[in-house]
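# Architecture at a glance
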Amino acid sequence: MSPRCRSGNSQYSQCFHLHFITVHRHVSLSHVFFFKIPVVTLKSPCIVNYYLSLLTNVEVDHARERLTLMSVYDTSTEPLCAKLLKRPRMLQRIQNLVEDPSQTMMSTYCLTDLERTLADHLGVMYPATSWTHPSTFWGSKIGSRIIFQNVNIPHCLGVYESLDSIPKIVSSIIALRKEHPDVRKFYVKLNEGASGLGNALWSAPKGIHELDPVAIQKSLIHDLEPCWNEKTAQEFLANVPTFGAIVEECIMAKELRSPSAQGMIHGDGFVQVISTHEQILHHGIYDGCTFPADAAYRESLQEYCERVGHFLASRGVRNEHFGVDFVAYYDKLEEEWKLLAIEINMRCLGTTHPMETLKLLMPEFRLTSNGRFCHAQEDSTTSSNSSRSRCYFAEDNFQHESLTKLTPEDLMEIIDATSELQYDKETSTGTIFYMMDALASYGKVGIMCIQETVDLALTHVAKVRSILLQINHDDDS
């Protein structure tokens, strides 16, 4: 568990943050330093000390005293909440740390009946208004498309009803191809999915009649390409009756990007645009990002995000993060970038962690109206090359077989001896590592590089990768 809080009239004195997909990466730089919060995860002491040492104007020993670490000592794939609910003594220890349940919120990566049961057992709050049935619907693929239609946000061609069978998917493809015969690639997306998981691509084979339902269904079953390579087309389609699906155009262009915007709906219904990013996708699955998004369409991203936020707030959503994903393509005829909205996510996002890290590292910086992260004393209209503006690159999956030889303790030694791998508090630039406990098992680590421009951040991360691989090569020699 790691916490979340905000200033203002809905601040919580303690907040639990449960992550079931990437539990260990979000522990890094969170508000655990201000409150005594149990963190249910296995975490090497050197990793905790590394994160605490990055804090500004806080002594490591003082921060460490306010942090309580717990572990369920259970490495099975069972959800963390289920593990906790089976351990009444551990639940009691957590309850003993909660001084005022009425002022304690449990915030999760996503919310299911298990999380609700745990929150009820502990007597703490969770953002219930945002996870009642209507909001769950708005965060689905079909709900996203209906919102885009309602608030006039450009979005991809597709259906506006949930499809619960293969024949319905086939009928939708035929209807779309009748109206748009030039479109030959479609995504089939399960209504519930995250980070590209739950998406599959279908390309109309050459020679197939565009209106032949038998041929299209046969092609779907054999040729559909799930973004998650471990799934076959048949395994993917087997989920359609349970989760429902949509059919959506796959945008084809030489220059394609995947920008996104993130927002927060506060307890009073105020909608705040938090950030914009360029997402890095690998086979449609989130792999990292750069901040901020390109200035060519950044303001449009912010405007669209705000529209979505106001719609959700009008439907009762409160105290919740949300994100809107887009595809951007360059229109050569009009010589400009065009945005098409793809989906809304009602949860913490892959981009949440690096942005929260940036804000905690640099409390004297603020997000400006034009989407940059600048020193509070700087005017928002100042050139983006200003030395008082910060950008970053973050990747979750820098992976190499040779990195399996490293432990978190080894990486700490390397960081201490290598200035390029360190974060400099004086200049507010440098490198932050996360997901370090995946090194020995998977040869994988997360890297965040903070610099004055995106180009500098990209140059710096290339140097960081090279240094890590070179050190391993030297060790072998």
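Residues numbered from 1 in each chain as written. Predicted model: local features only at pLDDT ≥ 70, side-chain atom pairs only at ≥ 80, totals over all residues. Heavy atoms only, no water.

### Concerning the overall build of the protein
Secondary structure assignment for the protein yields 16 helices and 20 strands. A separation threshold of at least 6 residues defines the contact pool for the protein, and within that pool the share at least 24 residues apart is 64%. As presented, the protein carries roughly 21300 Å² of accessible surface, and 50% of it is formed by carbon and sulfur atoms. (Helix = DSSP H or I, 4+ residues; strand = E, 2+ residues; numbered from the N terminus. Contact = heavy atoms within 4.5 Å. Areas by Shrake-Rupley, 256 points an atom, 1.4 Å probe, with all protein chains shown as cover.)

### Remarks on the side chain of Arg 298
Within the fold, Arg 298 resides in helix α12 (residues 298-314). Despite its burial, Arg 298 pairs with no opposite charge, the nearest such side chain being Asp 294 at 6.2 Å. With near-sequence residues (within four places) excluded, Arg 298 lies in contact with Thr 276, Pro 292, Ala 293, Asn 370, Gly 371 and Arg 372. (Buried < 20%, exposed > 50% of the residue type's maximum accessible area, 1.4 Å probe, protein only. Lys, Arg positive; Asp, Glu negative; His and termini not counted. Salt bridge = Lys/Arg side-chain N within 4 Å of Asp/Glu carboxyl O.)

### Brief notes about unusual backbone geometry
It is generally the case that most residues other than glycine have a negative phi and that most peptide bonds are trans. Residue Pro 292 is bonded to the preceding Phe 291 through a cis peptide linkage, with omega at -5°. Following the sequence through the fold, Pro 292 ends up in the loop between β12 (285-291) and α12. Non-glycine residue Tyr 73 carries a positive phi angle of around 50°. Of note in the backbone geometry, Ser 428 takes a positive phi value of approximately 55° without being a glycine. Of note, Ser 428 is situated in the loop between β18 (423-424) and β19 (429-434).

### Here we look at the environment of Gln 103
Among the secondary structure elements, Gln 103 is positioned in the loop between α4 (88-97) and β4 (104-108). Gln 103 sits 22 residues away from Met 125 along the chain, and the two C-alpha atoms are 7.8 Å apart.

### Observations regarding the nonpolar core
Ranked by size, the top nonpolar core spans 54 residues in total, and within it Ile 169, Leu 224, Val 308, Leu 312 and Phe 322 carry the most contacts. When neighbours within four sequence positions are excluded, Val 308 is seen to be in contact with Ile 147, Phe 148, Ile 153, Phe 322, Val 324 and Ile 344. (Core = buried A, V, L, I, M, F, W, Y, C linked by side-chain atoms within 4.5 Å.)

### Here we look at the packing of aromatic side chains
Under the counting rule described, the total for this entry stands at 9 aromatic pairs. Geometrically, the ring pair formed by Trp 138 and Phe 311 is edge-to-face, given 5.0 Å between the ring centres and 90° between the ring planes. With Trp 138 in helix α6 (residues 133-138) and Phe 311 in helix α12, this pair connects stretches of sequence that are 173 residues apart. On the basis of relative accessibility, which here comes to 8%, the residue Phe 311 falls in the buried class. Geometrically, the ring pair formed by Tyr 297 and Trp 337 is edge-to-face, given 6.1 Å between the ring centres and 70° between the ring planes. Separated by 40 residues along the polypeptide, Tyr 297 in the loop between β12 and α12 and Trp 337 in strand β14 (residues 336-345) bring together distant segments of the chain. Across this residue pair, the class does not change: Tyr 297 and Trp 337 are buried. One aromatic cluster in this structure is built from Phe 137, Trp 138 and Phe 311. Geometry around Tyr 160 places Arg 145 over its ring, the cationic atom sitting 4.7 Å from the centre. (Phe/Tyr/Trp six-rings, centres within 6.5 Å; stacked < 30°, edge-to-face > 60°. Lys NZ or Arg CZ within 6 Å of the ring centre and 35° of its normal.)

### Thoughts on the packing of helix α8 (residues 166-179) against helix α9 (residues 213-223)
Geometry of a packed helix pair, given as the angle between the helix axes and the separation of the axes. Following both chains from N to C, one finds α8 and α9 inclined at 115°, their axes separated by 10 Å at the closest point. The element α8 and its partner α9 pack so that their crossing is right-handed. Within the contact between the two elements, α8 uses Ile 166, Pro 167, Ile 169, Val 170, Ile 173 and Ile 174 and α9 uses Pro 213, Ile 216, Gln 217 and Leu 220. Of the residues belonging to the contact of α8 with α9, the class tally is 9 nonpolar, 1 polar and no charged. (Axes fitted to C-alpha atoms, helices over the stretch in contact; angles between N-to-C directions. Left-handed = near helix turned anticlockwise from the far one by under 90°. Nonpolar A, V, L, I, M, F, W, Y, C, P; charged D, E, K, R; others polar.)

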